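# Architecture and fold: a report
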Amino acid sequence: MRLALPQWAGALAVKAAAFITVMSCALAALLGVLVHVSVTNQTVGQARGLALSKLADATQAYEAGDALPPNAGVDPAGLPAPLRKLAVAGGRGTMVSAHDGRPTMWAAGPVAGHRALAVAVDYSQQARTIAGLDNSIVWSSGLAIGATVLVGVFAVTRVTRRLHGTARVARRISAGDLDARVGDPRTKDPSRPQDEVAAVAAALDSMASSLQSKLLSEQRFTADVAHELRTPLTGLHAAAELLPPGRPTELVRDRVAALRTLTEDLLEISRLDTGREKLEVDTEELGALARRVVRASGTDTEVRVLTDARVETDRRRLERVLGNLVANAHRHAAPPVVVTVNGAVVTVRDHGAGYPEYLVAHGPQRFRTEGGATGHGLGLTIALGQAEVLGAKLVFGNAVDGGAVATLILPVTEGR
């Protein structure tokens, strides 16, 4: 089972917390080992010096024929075998071992007859001192590690929260909310020190402002061009109607009609860009609406109704979306073109070369076509914009066996 983390606790927070914990443990272990070794060496050295001093006194008394001091003897019981072997071989040494249930420091040296003279010194107090020191090191290290981890995690989470907020704003901008800003207070006060997160937030806000300004300029330009073209186009259309019948007149009227259609598309896109479109909602049967769109298109398009559905939508806008998808399929692809209604999902499929990769990945882009296709890329752009106004989702893809597939997913009203 995977542990659920808070929204702000991403991989960076987890890695930082783990790094702080590991480094704190390593530092505490290193300091603990150094203190333990230093104190142990000092304590053992003092006990060893005392034992060797008593061994020297015992050796002097033994050689003088005097009585040995307490806790001294020749080959006493409990003398560790390695130390006995060292003394018999003519050497001197010390060793700590348990004797009569207590830790004891032994010191031994050689005497005549290949025997060992040994002295036992109680080592209990020194052992308790080292054990107490080890416990103190463990507890203090644990407290230090806990405090360090808490402070480190607090500092890291402050950074990750700011990064999470910056990423959230970036996603909002990517989704089309160009008014979104991070607004980090560090970027507004020049006297405050700015860290890397504040620099990223400032760069993102600057990028969003620049992008918004450019898009607004583009939208105003599109709207102005469309409005300015309307008046001369009206005059051109009226003049074309006065021309005498003939092939040249038909060509002029056809081009004027195409130019009028382009102008109306630009006006529609400019209205969609403003985001002020209002819905006129009514209940519609998708099957009947799809058949009506196909009849109005005057194309040879098959309509398949797998499961009919009644949806609350704006009929004019929905007809515009489906009409543009059908017209695009016939204009840029190959028959047969099939419109399928399955509940609240409508698909328009052709059997041509499929949508370009950029369109599938990023959606339609105005005034961009590829593969020798004609047109201005406005039909699908309008279809996508109107679908967004309807609250529907329009997805572009390609069928496995060839052909483009546009899928319109309409919102389903609860209770229906």
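Residues numbered from 1 in each chain as written. Predicted model: local features only at pLDDT ≥ 70, side-chain atom pairs only at ≥ 80, totals over all residues. Heavy atoms only, no water.

Selection criterion: UniProt positions are given in the numbering used here, feature names are shortened, and annotations may be inferred rather than shown by experiment.
Going by the annotation in an unreviewed UniProt entry, the name recorded for the chain is histidine kinase, with Streptomyces filipinensis given as the source organism. Under the UniProt heading Catalytic activity (unreviewed entry), the entry covering the chain gives this text: "ATP + protein L-histidine = ADP + protein N-phospho-L-histidine."

## What to know about the environment of Leu178
As a reminder, the rule being used: Going along the chain from the N terminus, every DSSP run of H or I of four or more residues is numbered as a helix, and every run of E of two or more is numbered as a strand. Contacts are residue-level and defined by heavy atoms, with any inter-residue pair within 4.5 Å sufficient.
Note on placement: Leu178 falls in the loop between α3 (124-174) and α4 (196-241). Beyond its immediate stretch of four places on either side in the chain, Leu178 contacts Ile173, Leu211, Gln212 and Leu215.

## Observations regarding the side chain of Thr301
Worth spelling out the cut-off: Per-residue accessibility, obtained with a 1.4 Å probe over protein chains only, is compared with the maximum for each type, and a residue is labelled buried under 20%, exposed over 50%, and partly exposed between these values. Definition of a polar contact: a pair of N or O atoms within 3.5 Å, with one able to donate and the other able to accept a hydrogen when the atoms are protein atoms, and with sequence-neighbouring residues admitted only if both atoms are side-chain atoms.
Take Thr301: it is sitting in strand β6 (residues 301-307). By relative accessible area, Thr301 is classed as buried at 11%. A polar side-chain atom of Thr301 sits 2.8 Å from a polar atom in the side chain of Thr299. A polar contact of 2.6 Å, which involves the side chain of Thr301, links it to the side chain of His330. Beyond its immediate chain neighbours, meaning those up to four positions away, Thr301 contacts Val294, Val326, His330, Val337 and Val339.

## Re the pairing of strand β3 (residues 102-111)
Regular strands have side chains that alternate between both faces of the sheet. Short version of the rule: Two strands are counted as paired when DSSP detects at least two bridges linking them.
The element β3 is largely enclosed, with a buried count of seven among its 10 residues. Note that strand β2 (residues 93-99) and β3 share seven bridges and pair antiparallel. Bridged to Ser97 within β3 is Thr104. The antiparallel pairing of β2 with β3 creates a hairpin that spans two residues between the two strands, and Asp100 there sits at a positive phi of about 55°. In this structure, β3 lies alongside strand β4 (residues 115-122), joined through eight bridges in antiparallel fashion. Across the sheet, Pro110 pairs through a bridge with Ala116, a residue of β4. Following β3, the chain reverses through three residues before pairing antiparallel with β4; Gly113 in that reversal takes a positive phi of roughly 85°.

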